[in-house]
Amino acid sequence: MNIILEILAQLYPYTRSELNYENPFQLLVGTILAAQATDRKVNEVTKDLFKEYRTPQDFLKMDLQTLEQKIKSINLYKTKAKHILSTCETLVRKYGGAVPQNREALEELDGVGRKTANVVLSYAFDIPAIAVDTHVFRVANRLGIVQAKNVQETERMMEKLIPREWWSRAHSSLVLHGRRVCDARKPKCDECALKEHCEYERKTEG
DNA sequence: AACTCGGGGCA
DNA sequence: TGCCCAGAGTT
């Protein structure tokens, strides 16, 4: 278990919170933008955007069309722009511009669901929460970290299994590994650094 | 639980 | 070209 996490941490020695995000609010916005999109594209868009706009109050200086234009190259950009400005209004009105630190409050925000809430809790606040997306579900089950039949069960099992200090890093590295090596269709088992620790590799070998 | 959104990446 | 994607909202 821990050896797998150690290897993953060496393979992917950064987390999303170490990219363009300078505060929990920017992490929240970046995570909303990341839904069904690629990390590279989100980083492109947020690099300049987050230098100029750091708080909900900053974002509310833009009208909807302005924000749409700035994030235009990201999928679902119109929906996301609307959600982001709505969320900024809520943050200012109910939380004085701060990002709430509990799941219920986060999930009430426009554009924030279970996975985004968990990402913010674990990355920004070090609060126990694991965002299980399709990558985490697939890779964790293939490796044998868990044996779960769905996302919800994976989430429950990983919260018990994974040491607290690993939670945010476990998520990001499992996702990246799922995209780059352990993909859904044709996993590159021959070039996988984890093959000696992987149950899926053992089953499919030969 | 199924459906919709929707530009971009990649084979 | 066709298929899929670091999800969430609506019905």
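Let me begin by describing the structure that accompanies this report.

Conventions adopted
Residues numbered from 1 in each chain as written. Chains lettered and ligands numbered in written order. Predicted model: local features only at pLDDT ≥ 70, side-chain atom pairs only at ≥ 80, totals over all residues. Heavy atoms only, no water. Helix = DSSP H or I, 4+ residues; strand = E, 2+ residues; numbered from the N terminus. Rg over C-alpha atoms; globule rule 2.2 N^0.38 Å. Buried < 20%, exposed > 50% of the residue type's maximum accessible area, 1.4 Å probe, protein only. Contact = heavy atoms within 4.5 Å. Areas by Shrake-Rupley, 256 points an atom, 1.4 Å probe, with all protein chains shown as cover. Expected span 1.5 Å × (residues − 1). Near = heavy atom within 4 Å. Polar contact = N/O pair within 3.5 Å; in protein donor to acceptor, adjacent residues only side chain to side chain. Nonpolar A, V, L, I, M, F, W, Y, C, P; charged D, E, K, R; others polar.

### Looking at the overall build of chain A
Then step 1. Each helix and strand counted, chain A has 12 helices and zero strands in total.
Then step 2. Walking chain A from its N terminus toward its C terminus, one meets helices and strands in the order α-α-α-α-α-α-α-α-α-α-α-α.
Then step 3. In terms of C-alpha radius of gyration, chain A reaches 18 Å, essentially the compact-globule figure of 17 Å for 206 residues.
Then step 4. Viewed in the frame of its principal axes, chain A has a C-alpha envelope of about 60 × 30 × 25 Å.
Then step 5. Burial statistics for chain A: of 206 residues in total, 47% are counted as buried.
Then step 6. Sequence separation of at least 24 residues holds for 61% of the intrachain contacts in chain A that already meet a minimum separation of 6.
Then step 7. Surface accessibility of chain A: about 10800 Å² in total, with carbon and sulfur atoms responsible for 48%.

### Focus: unusual backbone geometry
Then step 1. A positive phi angle is found at Q36, which is not glycine, with a value near 55 degrees.
Then step 2. In this structure, D126 takes a positive phi of about 55 degrees despite not being glycine.
Then step 3. Position of D126 relative to the elements: it lies in the loop between α8 (114-125) and α9 (134-143).
Then step 4. Note on D126: relative accessible area 44%, which makes it partly exposed.

### A short note on α8
The periodicity of an α-helix, 3.6 residues per turn, causes residues three or four places apart in sequence to face the same way.
Then step 1. Here α8 spans 16 Å end to end across 12 residues, near enough to the 16 Å set by a 1.5 Å rise per residue.
Then step 2. Across the 12 residues of α8, nine count as buried, placing the element largely inside the fold.
Then step 3. Of all the positions in α8, only T116, A117, N118, V119, V120, L121, S122, Y123 and F125 are classed as buried.
Then step 4. Residues of α8 that are buried sit in contact with α2 (24-33), α7 (103-107), α10 (151-161) and α11 (167-180).
Then step 5. With its phi angle positive at about 55 degrees, D126 sits one or two positions after the end of α8.

### Points about the protein's contact with DNA strand C
Then step 1. Close to DNA strand C lie 23 residues; T116, H135, V175, R179 and R185 are nearest.
Then step 2. Among atoms of DNA strand C positioned within 4 Å of the protein, sugar and phosphate together represent 65%.
Then step 3. G111 places a main-chain nitrogen or oxygen 2.7 Å from a phosphate oxygen of DNA strand C.
Then step 4. One nitrogen or oxygen atom from the side chain of T116 is found 2.3 Å from a phosphate oxygen belonging to DNA strand C.
Then step 5. If you list the elements that add at least two residues to the surface near DNA strand C, you get α8, α9 and α11.
Then step 6. Class assignment of the residues belonging to the surface near DNA strand C gives a composition of eight nonpolar, seven polar and eight charged.

Take it as geometry only, folks, not as evidence of what the structure does.
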